[in-house]
Amino acid sequence: MTEMQQKILFSEEAIHQKVQEIAAAISQRYPEGEIVLVGILKGAFVFTADLARAIDRPCRIDFVRISSYGSGTESSGKLNITLDVTLDIADKHVILVDDIVDTGLTIADYKKVLEQRGPKTLEICALIDKTGRREKAVDIDYSGFQIEDGFVVGYGLDCDEQYRNLRCVSVLE
Ligand code: PRP
């Protein structure tokens, strides 16, 4: 495999600022009561942790494991739920948290699964809205950054399980 170069796309500071803005918007949108954050592993583990700590509301936190990619960089478009929500989300304010929405298949399909469980509200929060390859329309209620294309890594995002621990988001070239 050819060695890939990393170019910083979103700095640690820019991400921090964006997380604070999203958290403030969420805290304002839900003036009372508890919020259930459902992070999609593995990629959203960093974003979910930072977002949860920036939200000024009582939160319950859960994680799900859903895969739609193979080990390469192309989406297979197949939803495979290997770890589902364990909290009861019926009648709860739920926010599905993902690091990136790409084709939209993962989050659009999983949102339908959660809707069957009767949440009071169900919103989507994604750090990165990558629009160039969208196959299913996704209404992203809170999005941090929008990009057209590019293979991005860091802040939870990987390439073949590498780079998840980068503090910034970089694009591989
Ligand atoms: C990535 C990312 C999103 C999903 C987006 O996860 O974290 O969950 O793909 O892709 P889509 O919009 O085209 O469906 P991935 O399946 O790579 O697993 P990971 O989070 O464990 O890296």
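Basis of the calculations
- Residues numbered from 1 in each chain as written.
- Predicted model: local features only at pLDDT ≥ 70, side-chain atom pairs only at ≥ 80, totals over all residues.
- Heavy atoms only, no water.
- Helix = DSSP H or I, 4+ residues; strand = E, 2+ residues; numbered from the N terminus.
- Contact = heavy atoms within 4.5 Å.
- Axes fitted to C-alpha atoms, helices over the stretch in contact; angles between N-to-C directions.
- Parallel < 35°, antiparallel > 145°, perpendicular 65-115°, else oblique.
- Left-handed = near helix turned anticlockwise from the far one by under 90°.
- Nonpolar A, V, L, I, M, F, W, Y, C, P; charged D, E, K, R; others polar.
- Near = heavy atom within 4 Å.
- Buried < 20%, exposed > 50% of the residue type's maximum accessible area, 1.4 Å probe, protein only.
- Disulfide = S-S within 2.5 Å.
- Core = buried A, V, L, I, M, F, W, Y, C linked by side-chain atoms within 4.5 Å.

Visitor: Which parts of the structure should I look at to understand the side chain of Thr121?
Guide: Position of Thr121 among the secondary structure elements: in strand β6 (residues 121–130). Here Thr121 is in contact with Arg29, Tyr30, Lys92, His93 and Val94, once residues within four sequence places are set aside.

Visitor: Sorry, what's going on with the packing of helix α1 (residues 12–29) against helix α2 (residues 45–54) here?
Guide: Packed helix pairs are specified by the crossing angle of their axes together with the interaxial distance, meaning the distance between the axes. For the pair α1 and α2, the least separation of the axes is 9 Å and the interaxial angle reads 55 degrees. When the axes of α1 and α2 are compared, the pair comes out oblique. In terms of crossing hand, the pair formed by α1 and α2 is right-handed. Taken together, the residues of α2 that come into contact with α1 (itself represented by Val19, Gln20, Ile22, Ala23 and Ile26) are Phe47, Asp50, Leu51 and Ala54. For the contact of α1 with α2, the per-class residue count stands at seven nonpolar, one polar and one charged.

Visitor: Just checking my understanding: could you explain the site of the ligand for this structure?
Guide: In the vicinity of the ligand there are 20 residues, among which Asp98, Asp99, Thr103, Gly104 and Thr106 approach most closely. Among the secondary structure elements, those contributing two or more residues to the shell around the ligand are β2 (35–41), β3 (59–69), β5 (93–101) and α3 (105–115). For the shell around the ligand, the leading source of residues is β3, giving five residues. Each residue belonging to the shell around the ligand can be placed in one class, and the counts come to seven nonpolar, six polar and seven charged.

Visitor: I tried to follow the environment of Glu115 on my own but got confused; where do I start?
Guide: Its place among the elements puts Glu115 in helix α3. The exposure class of Glu115 is partly exposed, given its relative accessible area of 42%.

Visitor: Teacher, can you tell me more about the state of the cysteines here?
Guide: Note on terminology: a disulfide is the covalent bond linking the sulfur atoms of two cysteines. One pass over the full model with this rule turns up zero disulfides. Residue Cys59 stays outside any disulfide, its sulfur separated by 11 Å from that of Cys125, the closest cysteine.

Visitor: How should the nonpolar core be read in this particular structure?
Guide: When a protein is soluble and globular, its nonpolar side chains tend to lie buried together. Ranked by size, the top nonpolar core spans 28 residues in total, and within it Ile26, Phe47, Leu51, Ile95, Ile128 and Tyr155 carry the most contacts. Listed by contribution, the elements that provide at least two residues to this core are α1, β2, α2, β5, β6, β7 (142–147) and β9 (169–172). Of the residues forming this core, the biggest block, five residues, is contributed by α1. Every residue in contact with Ile26, bar those within four places of it in the chain, is listed here: Ile35, Leu51, Ile55, Ile95 and Tyr142.

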